Amino acid sequence: MRRVAILVSGGGSNMVAPVRSMTGDHPARPVLVASNDPAAKGLERAAELGVPVAAVDHRPFRGDRAAFEAELLEPILAARPDILCLAGFMRVLTAEFVGRFAGRMLNIHPSLLPKYPGLHTHRRALEAGDAEAGCTVHEVTPVLDDGPILGQARVPILPGDTAGTLAARVLGMEHRLYPAVLRRFAAGDRTPVFLP
Ligand code: GAR
């Protein structure tokens, strides 16, 4: 059984979907949900799902990423994860942290990478006049929103879409894509998943 730790910063809906999927014959189980924000709604939702939680507030570290990560690493290492999933985790991680989990850290990003790494992905897709948008699960490397693609899901962009309506449509696909990729990845298969 593979052990999965998940990092969240916000509502954690991209944590809930994979956590709910890890039952029965699934090759993995959730062992920790951690956040850089002690008030993150995702922590509450994880606790309700019976997953151990931890929080390390990044703010007192005032931009000292290495010191913040050293603290964050404590509960993570104690949980002995085989796989570390970023699920709406909004802190940039140092190359050293990423290196510790090389080949076993995943991230979900709300665009069809390599298009639109970084923030405001939906607004950027609309402004570019794209016909479609989507989300990507990729292996995390030290370069932000880069790394081998493990899955992608596409949605149409519809007339009258706003960043909000598009984000909601993409988020619905994120909740399908992350569990699908995680199941395959935890079984040792890195063949990309393409939805729908
Ligand atoms: C999701 O759309 C996720 O793809 C995005 O933040 C949202 C978090 O929602 N992640 C990033 O932008 C990472 N750079 P959630 O907290 O409900 O999972």
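Just above sits the structure.
All of the points below concern the structure found in this document. Small disclaimer: the values here were computed from a predicted structure and weren't measured.

Comments concerning the packing of aromatic side chains
Under the defined criterion, the tally for this structure stands at two aromatic pairs. Ring geometry for F97 versus F101: centroids 5.4 Å apart, planes at 45°, classification tilted. The burial state of F97 is the same as that of F101; both residues are buried.

As for the site of the ligand
What surrounds the ligand is the set G10, G11, G12, S13, N14, G88, M90, I108, H109, P110, L171 and E174. G12 is positioned with one of its backbone polar atoms (N or O) 2.8 Å from an oxygen atom of the ligand. Contacts to the ligand include N14, whose backbone N or O atom sits 2.9 Å from an oxygen atom. Look at the ligand: alone it shows 450 Å² of surface, and the protein chains cover 80% of it. Elements with a minimum of two residues in the shell around the ligand: α1 (13–21), β5 (105–109) and α6 (163–186). In the shell around the ligand, the residues fall into four nonpolar, seven polar and one charged.

Some words on the pairing of strand β1 (residues 2–8)
When you tally the buried positions in β1, you get five out of seven residues, the bulk of the element. Bridge count for β1 against strand β2 (residues 28–35) is seven bridges, and the pairing is parallel. Counted as the bridge partner of V8 is S35 from β2. Between the parallel elements β1 and β2, the chain passes through α1 in a crossover that is right-handed. Across four bridges, the pairing between β1 and strand β4 (residues 83–86) is parallel. Following the sheet pairing, I6 is matched in β4 by C85.

What counts and how
- Residue positions are counted from 1 within each chain, in the order its sequence is given.
- Given that the model is predicted, a residue must reach a pLDDT of at least 70 before its local features are reported, and side-chain atom pairs must reach 80 or more before they are shown or counted; all residues, however, enter totals for whole chains, interfaces and linings.
- Hydrogens and water are ignored here; the side-chain numbers use all heavy atoms of the structure.
- Think of it this way: a Phe, Tyr or Trp ring, Trp meaning its six-membered ring, pairs with another when their centres are within 6.5 Å, and the plane angle makes it stacked under 30 degrees, edge-to-face over 60, tilted otherwise.
- Exposure is judged per residue with a 1.4 Å probe applied to protein chains only, and the accessible area is read against the type maximum: over 50% gives exposed, under 20% gives buried, and values in between give partly exposed.
- Any residue with a non-hydrogen atom lying within 4 Å of a molecule or strand is treated as near it.
- Contacts described as polar in this section are N or O atom pairs within 3.5 Å, which, within protein, must combine one atom able to donate a hydrogen with one able to accept it, while residues neighboring in sequence count only if both atoms come from side chains.
- In short, Shrake-Rupley with a 1.4 Å probe defines the accessible areas, and a residue's cover is counted only from the protein chains shown.
- Every helix listed is a DSSP run of H or I at least four residues long, and every strand listed is a run of E at least two residues long, numbered separately from the N terminus.
- Three categories are distinguished: nonpolar for Ala, Val, Leu, Ile, Met, Phe, Trp, Tyr, Cys and Pro, charged for Asp, Glu, Lys and Arg, and polar for the others, with Gly belonging to the last.
- At least two DSSP bridges between two strands are required for those strands to pair.
- Classification remark: right-handed applies to a crossover when, strands pointing away from the viewer, the course from the first strand over the helix to the second runs clockwise.

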